[in-house]
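Here is how the chains run, residue by residue.
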Amino acid sequence: MSTALASPTTNTDGGAMSDLEKPRAERPLRRSFTPGEKLSILETYESLDGPGAKGAFLRREGLFSSQITTWRRARDAGALTGLATAARTAKKNSPEAQLEAMKDRAERAEAKLGRTGEALSVLGKLHALLEDISTRADNEKP
(Lines give C-alpha, C1' and ligand atoms only; values in the text may rest on other atoms or scores of the structure.)
Protein backbone atom coordinates (compact mmCIF):
# COMPACT_ATOMS: atom_id res chain seq x y z
CA MET A 1 0.00 0.00 0.00
CA SER A 2 1.53 3.34 -1.01
CA THR A 3 0.80 6.62 0.69
CA ALA A 4 0.92 9.77 -1.37
CA LEU A 5 1.90 12.98 0.36
CA ALA A 6 -0.39 15.89 -0.35
CA SER A 7 1.27 19.00 -1.72
CA PRO A 8 0.32 22.38 -0.22
CA THR A 9 -2.01 23.10 -3.16
CA THR A 10 -3.83 19.76 -3.29
CA ASN A 11 -6.38 18.12 -1.01
CA THR A 12 -5.77 14.77 0.60
CA ASP A 13 -8.05 13.27 -2.04
CA GLY A 14 -5.86 14.71 -4.85
CA GLY A 15 -8.13 17.58 -5.86
CA ALA A 16 -7.12 21.23 -5.98
CA MET A 17 -7.63 23.28 -2.80
CA SER A 18 -10.10 26.13 -2.74
CA ASP A 19 -9.03 29.56 -1.50
CA LEU A 20 -10.65 28.85 1.86
CA GLU A 21 -8.61 25.69 2.36
CA LYS A 22 -5.19 27.15 1.45
CA PRO A 23 -2.93 27.99 4.37
CA ARG A 24 -2.60 31.69 5.10
CA ALA A 25 0.70 33.29 4.22
CA GLU A 26 0.36 36.03 6.81
CA ARG A 27 -0.73 35.93 10.40
CA PRO A 28 -3.73 38.05 11.33
CA LEU A 29 -2.99 41.32 13.04
CA ARG A 30 -3.61 41.46 16.77
CA ARG A 31 -6.29 43.93 17.71
CA SER A 32 -5.45 46.61 20.20
CA PHE A 33 -7.84 48.81 22.12
CA THR A 34 -7.37 52.31 23.45
CA PRO A 35 -8.26 52.94 27.10
CA GLY A 36 -11.39 54.76 25.95
CA GLU A 37 -12.51 51.79 23.86
CA LYS A 38 -11.89 49.44 26.76
CA LEU A 39 -13.98 51.59 29.08
CA SER A 40 -16.78 51.77 26.50
CA ILE A 41 -16.77 47.98 26.04
CA LEU A 42 -16.80 47.47 29.82
CA GLU A 43 -19.75 49.82 30.23
CA THR A 44 -21.70 48.04 27.50
CA TYR A 45 -20.82 44.60 28.86
CA GLU A 46 -21.79 45.46 32.43
CA SER A 47 -25.08 47.06 31.36
CA LEU A 48 -26.31 43.82 29.76
CA ASP A 49 -28.89 41.77 31.62
CA GLY A 50 -30.77 38.75 30.46
CA PRO A 51 -29.59 35.19 30.03
CA GLY A 52 -26.80 34.77 27.50
CA ALA A 53 -26.61 38.47 26.63
CA LYS A 54 -23.06 38.89 27.87
CA GLY A 55 -21.82 35.78 26.07
CA ALA A 56 -23.52 36.89 22.85
CA PHE A 57 -21.87 40.31 23.18
CA LEU A 58 -18.43 38.73 23.64
CA ARG A 59 -18.92 36.50 20.59
CA ARG A 60 -20.19 39.39 18.47
CA GLU A 61 -17.21 41.58 19.43
CA GLY A 62 -14.70 38.72 19.21
CA LEU A 63 -13.61 39.10 22.83
CA PHE A 64 -12.86 36.72 25.67
CA SER A 65 -14.11 36.92 29.22
CA SER A 66 -10.49 37.00 30.41
CA GLN A 67 -10.02 40.30 28.57
CA ILE A 68 -13.04 41.74 30.35
CA THR A 69 -11.62 40.58 33.69
CA THR A 70 -8.20 42.10 32.98
CA TRP A 71 -9.71 45.38 31.80
CA ARG A 72 -12.01 45.51 34.83
CA ARG A 73 -9.03 45.08 37.19
CA ALA A 74 -7.11 47.79 35.35
CA ARG A 75 -10.10 50.13 35.54
CA ASP A 76 -10.54 49.49 39.27
CA ALA A 77 -6.85 50.19 39.84
CA GLY A 78 -7.22 53.47 37.98
CA ALA A 79 -4.96 52.49 35.10
CA LEU A 80 -7.52 52.99 32.34
CA THR A 81 -8.75 56.37 33.51
CA GLY A 82 -5.22 57.65 34.01
CA LEU A 83 -4.23 56.71 30.48
CA ALA A 84 -7.34 58.16 28.91
CA THR A 85 -6.92 61.62 30.41
CA ALA A 86 -3.13 61.99 30.34
CA ALA A 87 -2.05 64.99 28.30
CA ARG A 88 1.38 65.29 26.75
CA THR A 89 3.51 68.29 27.63
CA ALA A 90 5.04 70.34 24.87
CA LYS A 91 8.79 70.54 24.45
CA LYS A 92 10.49 73.75 25.46
CA ASN A 93 11.55 75.68 22.36
CA SER A 94 11.48 79.14 23.89
CA PRO A 95 14.54 81.39 23.72
CA GLU A 96 14.96 81.02 27.50
CA ALA A 97 15.14 77.23 27.18
CA GLN A 98 17.66 77.51 24.34
CA LEU A 99 19.78 79.92 26.39
CA GLU A 100 19.72 77.53 29.35
CA ALA A 101 20.79 74.64 27.11
CA MET A 102 23.66 76.73 25.73
CA LYS A 103 24.80 77.67 29.25
CA ASP A 104 24.80 74.00 30.27
CA ARG A 105 26.79 73.10 27.16
CA ALA A 106 29.33 75.87 27.86
CA GLU A 107 29.79 74.71 31.46
CA ARG A 108 30.41 71.13 30.32
CA ALA A 109 32.91 72.33 27.71
CA GLU A 110 34.79 74.43 30.29
CA ALA A 111 34.96 71.49 32.69
CA LYS A 112 36.29 69.25 29.93
CA LEU A 113 38.87 71.90 28.96
CA GLY A 114 40.05 72.09 32.56
CA ARG A 115 40.46 68.30 32.76
CA THR A 116 42.33 68.28 29.46
CA GLY A 117 44.68 71.04 30.69
CA GLU A 118 45.44 69.09 33.86
CA ALA A 119 46.14 65.94 31.86
CA LEU A 120 48.54 67.83 29.55
CA SER A 121 50.34 69.27 32.56
CA VAL A 122 50.80 65.78 34.04
CA LEU A 123 52.05 64.46 30.69
CA GLY A 124 54.53 67.34 30.41
CA LYS A 125 55.92 66.59 33.87
CA LEU A 126 56.12 62.89 33.06
CA HIS A 127 57.98 63.64 29.84
CA ALA A 128 60.48 65.84 31.70
CA LEU A 129 61.00 63.15 34.35
CA LEU A 130 61.58 60.43 31.76
CA GLU A 131 64.04 62.64 29.86
CA ASP A 132 65.93 63.34 33.08
CA ILE A 133 66.11 59.62 33.87
CA SER A 134 67.27 58.90 30.34
CA THR A 135 70.08 61.48 30.45
CA ARG A 136 71.26 60.24 33.85
CA ALA A 137 71.34 56.68 32.54
CA ASP A 138 73.36 57.79 29.52
CA ASN A 139 75.87 59.68 31.72
CA GLU A 140 76.38 56.81 34.14
CA LYS A 141 77.40 54.28 31.50
CA PRO A 142 81.20 53.49 31.44
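Every residue gets a number counted from 1 within its own chain, in the order that chain's sequence is written. Local features in this predicted model are restricted to residues whose pLDDT is 70 or higher, and side-chain atom pairs enter the listing and the counts only when it is 80 or higher, whereas totals over whole chains, interfaces and linings include all residues. Based on all heavy atoms of the structure, the side-chain values leave hydrogens and waters out of the count.

**Quick notes on the side chain of Lys-38**
- Each helix corresponds to a stretch of at least 4 residues labelled H or I by DSSP, and each strand to a stretch of at least 2 residues labelled E; elements are numbered beginning at the N terminus. As for its position among the elements, Lys-38 is in helix H1 (residues 35-47).
- Comment: no salt bridge for buried Lys-38; closest opposite-charge side chain is Glu-37, at 8.3 Å. Residue exposure (1.4 Å probe, protein chains only): buried if accessible area is under 20% of the type maximum, exposed if over 50%, otherwise partly exposed. Charge counting treats Lys and Arg as positive and Asp and Glu as negative, with His and both chain ends excluded. The salt bridge criterion pairs a side-chain nitrogen of Lys or Arg with a carboxyl oxygen of Asp or Glu, the two atoms within 4 Å.

**Remarks on the nonpolar core**
- Among the nonpolar cores identified, the biggest contains ten residues, and these are Leu-39, Ile-41, Leu-42, Tyr-45, Phe-57, Leu-58, Leu-63, Ile-68, Trp-71 and Leu-80.
- For this core, the secondary structure elements donating two or more residues are H1, helix H2 (53-61) and helix H3 (65-76).
- It is H1 that contributes the most residues to this core, four residues altogether.
- Every residue in contact with Leu-63, bar those within four places of it in the chain, is listed here: Arg-31, Phe-33, Ile-41, Leu-58 and Trp-71. Grouping buried Ala, Val, Leu, Ile, Met, Phe, Trp, Tyr and Cys residues that are joined through side-chain atoms within 4.5 Å yields what is termed a nonpolar core. It only takes one pair of heavy atoms within 4.5 Å for two residues to be counted as in contact.

**Focus on a nonpolar patch on the surface**
- Taken together, the side chains of Leu-120, Leu-123, Leu-126, Leu-129, Leu-130 and Ile-133 present a nonpolar region at the surface, about 580 Å² in accessible area.
- Mapping Leu-120 onto the fold places it in helix H5 (residues 95-140). Only residues whose relative accessible area exceeds 30% and that form no salt bridge enter a patch; like-charged residues are grouped when within 9 Å of one another, and nonpolar side chains (Val, Leu, Ile, Met, Phe, Trp, Tyr) when within 5 Å. We get accessible surface area from the Shrake-Rupley algorithm with a probe of 1.4 Å; when it comes to residues, only the shown protein chains can shield them.

**Some thoughts on the confidence of the model for the protein chain**
- Scored between 0 and 100, pLDDT is the confidence that the predictor attaches to each residue. Chain-level statistics for the protein chain give a pLDDT mean of 80 and a share of 73% at 70 or above.
- Every residue in residues 1-7 is under pLDDT 50, and counting partners more than four places away or in other chains gives two contacts.

**Regarding the packing of H1 against H3**
- Contact geometry for H1 and H3: axes closest at 10 Å, N-to-C directions at 110°. As summarised for this structure, H1 and H3 are arranged roughly perpendicular, according to the angle between their axes. Relative to H3, H1 is oriented so that their crossing is left-handed. Note on element contacts: H3 touches H1 through Ile-68, Trp-71, Arg-72 and Arg-75, opposite Lys-38, Leu-39, Ile-41, Leu-42, Tyr-45 and Glu-46.
- Tallied by class, the residues present in the contact of H1 with H3 amount to six nonpolar, no polar and four charged. Axis definition: a line fit to C-alpha positions, over the contact stretch in the case of helices; interaxial angles, taken between N-to-C directions, run 0 to 180 degrees. Here is the rule for angles: anything less than 35 degrees is roughly parallel, anything more than 145 is roughly antiparallel, 65 through 115 is roughly perpendicular, and the remaining ranges are oblique. Each crossing gets its handedness from the near helix: less than a right angle anticlockwise from the far helix is left-handed, clockwise is right-handed. Ten residue types, Ala, Val, Leu, Ile, Met, Phe, Trp, Tyr, Cys and Pro, are classed as nonpolar, four, Asp, Glu, Lys and Arg, as charged, and the remainder, Gly among them, as polar.

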